[in-house]
Amino acid sequence: MMPGLDRRGMILGLGAAAVALTTVAGAIGIPSYDDPDDMYAALRAQPALSLAERGGTIRLVFADGAPLLDRERVTAWVRRAATAVTAYFDRFPVRDYGLLVIAQRGDRVGHATTFGYAGSATRIHVGTDATEQAFAEDWVLIHEMAHTALPDLPRRALWLQEGNATYVEPIARALARQIPASEVWRQAVLGMPKGEPGPADAGMDGTHAWGRLYWGGATFWLLAEIAVDQASKGTRSLRDALRRINRESGGNIVDWTAEQMMAVGDAAIGQNILSGLYARFAETRIATDLPELFDRLGIRLDASGGLRFDDMAPLADLRRRITAA
């Protein structure tokens with residue numbers, strides 16, 4: 001996740017000092033680990049719980065003991081997130097993953113950032129008063145774990161990475177039966193309009209606008225999903241391409257260009273789909289007719305804000321397959 005923002009556009013306010021102290025429930029101060037090198041050092045030196053997930057191992061570290069956090073509840077939440085990401089990629093995306101959990105005041109999961117330059121790792125802040133419901137509803141950790149699946153790209157293509165994690169996260173939760181499929185499409189209908197370009201916007205490469213980074217990127221991946229399905233006549237999916245990219249790269253521990261990533265995805269599909277779509281979005285301002293797109297998928301928002309689904313729509317079958325285990 002891009003430091004300083006979440007996908008809803010909330011300012012996260014990361015501190016600048018690497019050794020700044022965070023007070024937990026008025027009891028003690030612990031390092032904030034804003035400097036990723038401090039995070040990596042904590043993952044190496046502090047006691048860890050090793051969690052096995054299909055194809056990988058999670059090294060879970062409660063930073064400085066993470067006072068007042070319910071460890072059993074946090075561990076169950078980590079396993080739940082890993083199960084969802086594994087459901088999408090058919091294995092945990094990286095073989096070794098470090099997760100530094102930092103206790104903070106509050107009743108929800110806080111901001112998080114994922115790195116790969118010294119091993120795949122995430123630091124995440126968790127409120128000491130977070131309830132089971134807060135953990136069950138959390139999307140942040142799954143979003144961060146989804147980031148580990150793809151290679152790290154140049155800054156100009158950050159929208160591909162943030163958009164992919166935004167697109168994959170709810171689908172992964174639906175595949176693991178953690179949320180209903182309707183929730184995937186509710187998020188898309190409400191979120192993707194935030195990613196549409198403004199009159200002065202150019203292509204997606206180099207954009208810094210939070211809406212375009214997260215939701216504009218997610219729209220790209222939905223359009224890629226449709227393009228792959230139509231070009232292959234339903235024999236291939238975007239998931240096939242992303243799994244191939246994950247396997248060949250090894251995840252976010254390597255640096256690739258966007259062009260390289262798309263070429264590997266296209267090889268999995270057997271056609272030049274992703275490369276061409278990326279080139280268009282990267283270089284040219286493209287506005288998507290979202291009402292028409294959702295209509296083709298058979299998704300309609302009624303006057304009360306609820307969703308209605310038309311199973312006779314042209315892309316209704318694809319809509320169902322996207323969230324089918």
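Every chain is numbered independently, its residues counted from 1 as its sequence is written. Under the rules for a predicted model, residues below a pLDDT of 70 receive no local features and side-chain atom pairs below 80 are neither given nor counted, while totals for whole chains, interfaces and linings still include all residues. Here the side-chain values reflect all heavy atoms present in the structure, with hydrogen atoms and water set aside.

Take the packing of helix H7 (residues 210-231) against helix H10 (residues 274-283) next. Helix-helix packing is characterised by the crossing angle of the two axes and by the distance between the axes. Interaxial angles span 0 to 180 degrees and are taken between N-to-C directions of axes, which are lines fitted to C-alpha atoms, for helices over the stretch in contact. Put simply, DSSP marks the helices as runs of H or I at least four residues long and the strands as runs of E at least two long, and each gets a number from the N terminus on. The geometry of H7 relative to H10 is characterised by a closest axis approach of 10 Å and an angle of 145° between their N-to-C directions. In terms of crossing hand, the pair formed by H7 and H10 is right-handed. Facing Phe220, Leu223, Ala224 and Val228 of H7, the residues of H10 in contact are Leu274, Leu277, Tyr278 and Phe281. Asp, Glu, Lys and Arg are counted as charged, while Ala, Val, Leu, Ile, Met, Phe, Trp, Tyr, Cys and Pro are counted as nonpolar; the rest, among them Gly, fall into the polar class. The residue inventory of the contact of H7 with H10, partitioned by class, reads eight nonpolar, no polar and no charged. Take the far helix as your reference; a near helix turned counterclockwise from it by less than a right angle gives a left-handed crossing, and one turned clockwise gives a right-handed crossing. Contacts are assigned to residue pairs with any non-hydrogen atoms lying within 4.5 Å of each other.

Quick look at unusual backbone geometry now. Not every positive phi belongs to a glycine, and Asp64 is a case in point at roughly 55°. Take Asp64: it is sitting in the loop between strand E4 (56-62) and helix H2 (71-89). Throughout, exposure labels follow a simple rule: accessible area from a 1.4 Å probe, protein chains only, divided by the maximum for the residue type, with under 20% read as buried, over 50% as exposed, and the rest as partly exposed. Judged by relative accessible area, which is 36%, Asp64 ranks as partly exposed. Although it is not a glycine, Arg177 sits at a positive phi angle of roughly 60°. Note that Arg177 resides in the loop between helix H5 (158-175) and helix H6 (181-191). Residue classification places Arg177 among the exposed positions, given a relative accessible area of 71%.

It is worth spelling out the pattern of salt bridges at this point. Here a salt bridge means any side-chain nitrogen of Lys or Arg lying within 4 Å of a carboxyl oxygen belonging to Asp or Glu. The final tally for this structure, using the stated rule, is 16 salt bridges. Arg320 is paired through a salt bridge with Asp317; the nearest N and O atoms lie 3.8 Å apart. Of this pair, Arg320 and Asp317 both sit in helix H12 (residues 316-322), three residues apart, which is roughly one turn of that helix.

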